[in-house]
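Chain by chain, the residues:
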Amino acid sequence: MARRAVRPTKAEPVRPAARARASPREVLARLKAAIPEPRCELDHRTPWELLIATILSAQSTDRTVNAVTPVLFERWPTPEALAAAPPAEVERVVHRTGFFRSKTKAIQAASAKIARDFGGEVPRTMEEMLALPGVARKTANVVLGTAYGIAEGIIVDTHAMRVAQRLGLTAQRDPARIEDDLRAAFPRREWIALGHRLVLHGRYVCLARAPRCERCPLNEICSSAELPPHDTWRARARWEREVVESRGAAAAATERPKEAANAAPGARRGRAQRAQRKPMP
Ligand code: SF4
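Rules used throughout
Residues numbered from 1 in each chain as written. Predicted model: local features only at pLDDT ≥ 70, side-chain atom pairs only at ≥ 80, totals over all residues. Helix = DSSP H or I, 4+ residues; strand = E, 2+ residues; numbered from the N terminus. Buried ≥ 20, exposed ≤ 12 C-beta atoms within 10 Å, placed from the backbone. Near = placed C-beta within 6 Å. Nonpolar A, V, L, I, M, F, W, Y, C, P; charged D, E, K, R; others polar. pLDDT = per-residue confidence, 0-100. Contact = placed C-beta atoms within 7 Å. Core = buried A, V, L, I, M, F, W, Y, C linked by C-beta atoms within 7 Å. Expected span 1.5 Å × (residues − 1). Arc of directions from axis to C-beta. Axes fitted to C-alpha atoms, helices over the stretch in contact; angles between N-to-C directions. Parallel < 35°, antiparallel > 145°, perpendicular 65-115°, else oblique. Left-handed = near helix turned anticlockwise from the far one by under 90°.

## Section: the overall build of the chain
In step 1: Scanning the chain for helices and strands turns up 15 helices and 0 strands.
In step 2: When burial is assessed residue by residue, the chain has 41% of its 281 residues classed as buried.

## Details of the site of the ligand
In step 1: Around the ligand lies a shell of 14 residues, among which Cys206, Pro211, Cys213, Cys216 and Cys222 are the nearest.
In step 2: Taken together, the residues that form the shell around the ligand break down as 10 nonpolar, 2 polar and 2 charged.

## Observations concerning the confidence of the model for the chain
In step 1: Scored by pLDDT, the chain has a mean of 88; 84% of the residues are at 70 or more.
In step 2: In this model residues 1–17 is a low-confidence stretch, pLDDT under 50, and it forms 14 contacts with partners more than four residues away in sequence or in other chains.
In step 3: Low pLDDT, under 50, characterises residues 259–281; the predicted model gives this stretch 23 contacts beyond four residues in sequence or across chains.

## Details of unusual backbone geometry
In step 1: Despite not being glycine, Phe99 has its phi angle at roughly 45 degrees, a positive value.
In step 2: Residue position: Phe99 is located in the loop between helix 5 (87–94) and helix 6 (100–117).
In step 3: Residue Phe99 is classed as partly exposed on the basis of its C-beta count, with 15 C-beta atoms lying within 10 Å.
In step 4: The phi dihedral of Arg247 is positive, around 55 degrees, even though this residue is not glycine.
In step 5: Of note, Arg247 is situated in the loop between helix 12 (233–245) and helix 13 (249–254).

## Overview of the nonpolar core
In step 1: In terms of nonpolar packing, the biggest core is built from 67 residues, with Leu51, Leu56, Ala110, Val143, Ala160, Ala164 and Leu167 touching the most fellow members.
In step 2: Ranked by the residues each element gives to this core, the list is headed by helix 11 (residues 191–204), at 8 residues.
In step 3: Not counting the four nearest positions on each side in its chain, Ala164 is found in contact with Leu169, Thr170, Ile178, Leu182 and Leu198.

## Focus: helix 12
In step 1: Between its terminal C-alpha atoms helix 12 stretches 18 Å, which fits the 18 Å expected from 13 residues at 1.5 Å a residue.
In step 2: Within the span of helix 12, buried status applies to Arg236, Ala237, Trp239, Glu240, Val243 and Val244. Projected onto a plane normal to the axis of helix 12, the buried residues spread over an arc of 160 degrees and lie on a single side.
In step 3: Looking at the residues trailing helix 12, positive phi occurs at Arg247, about 55 degrees.

## Notes on the environment of Pro228
In step 1: Inspection of the secondary structure assignment puts Pro228 in the loop between helix 11 and helix 12.
In step 2: Classification of Pro228 as partly exposed rests on a count of 16 C-beta atoms within 10 Å.

## Notes on the packing of helix 2 (residues 47–56) against helix 3 (residues 62–75)
In step 1: Running from N to C, helix 2 and helix 3 point in directions that differ by 135 degrees, and their axes come no closer than 10 Å. Our classification of the angle between helix 2 and helix 3 gives oblique. The hand of the helix 2/helix 3 crossing is right-handed. On the side of helix 2, the interface is formed by Glu49, Ala53 and Leu56, while helix 3 contributes Val65, Val68, Thr69 and Phe73.
In step 2: For the contact of helix 2 with helix 3, the class distribution of residues is 5 nonpolar, 1 polar and 1 charged.

## Details of the environment of Pro175
In step 1: Summarising the element assignment, Pro175 is placed in helix 10 (residues 175–185).
In step 2: Pro175 sits 14 residues away from Met161 along the chain, and the two C-alpha atoms are 7.0 Å apart.
In step 3: Residue contacts for Pro175: discarding those within four places in its chain leaves Lys138, Val156 and Met161.

Structure follows, in structure tokens:
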């Protein structure tokens, strides 16, 4: 009888030691050159607005959230106002971001707790943040780091997770364990910016389905690279900087055609590695 493959649980490492670990120092140096001014791409004016936008961004895009939040904050500009709003009206406004019922519940409950227990101010500790409905470590790290400059941890969203795994910085699947590995590998003073850099690098270069390896400034130090590097790493870092600063618009204009990239020497190595790659959660 054929044996069934045993699938790892979420908490188990993914193929431990399958990928050589890139030097954290070198990763940092190259990411800093490529993304000198990392930022959060969710529009906000206050820590509370950032919190609400981050909750809404789950399973959505920052672009969609940025289209929705101006209307939301225009109608309900404070935690008190949003908490007291009719849920059906809030649902209508946030509908485009997906999971609108559960998101409405979460943003109204979090706002109510902020109004009731924290005098209308988003709290400044991880423990208090995690006590807010709809808030897990990723959201807490986004708000504490971006809005308050408090380095409690490192943002690990789906992009940061993918980049960290491909670079061999972690063999874990669970976001909390991935964050532990990253916190151990990088100095605390880098945590806030590093989180944003990993997110932006994953969003614009280390794409889930077709990573732009030939243009990636980390290519030579990445054991998951699917194509040989194009030009020097500093030239690639300049390209990534343009792409990130244009929110992706520069990529289409400067990318080599896909067919040319696939025909490049080493493409076979990439295809073989791609075939082994597991889909990301
Ligand atoms: S070389 Fe490719 S897989 Fe490695 S970090 Fe860059 S884009 Fe991602």
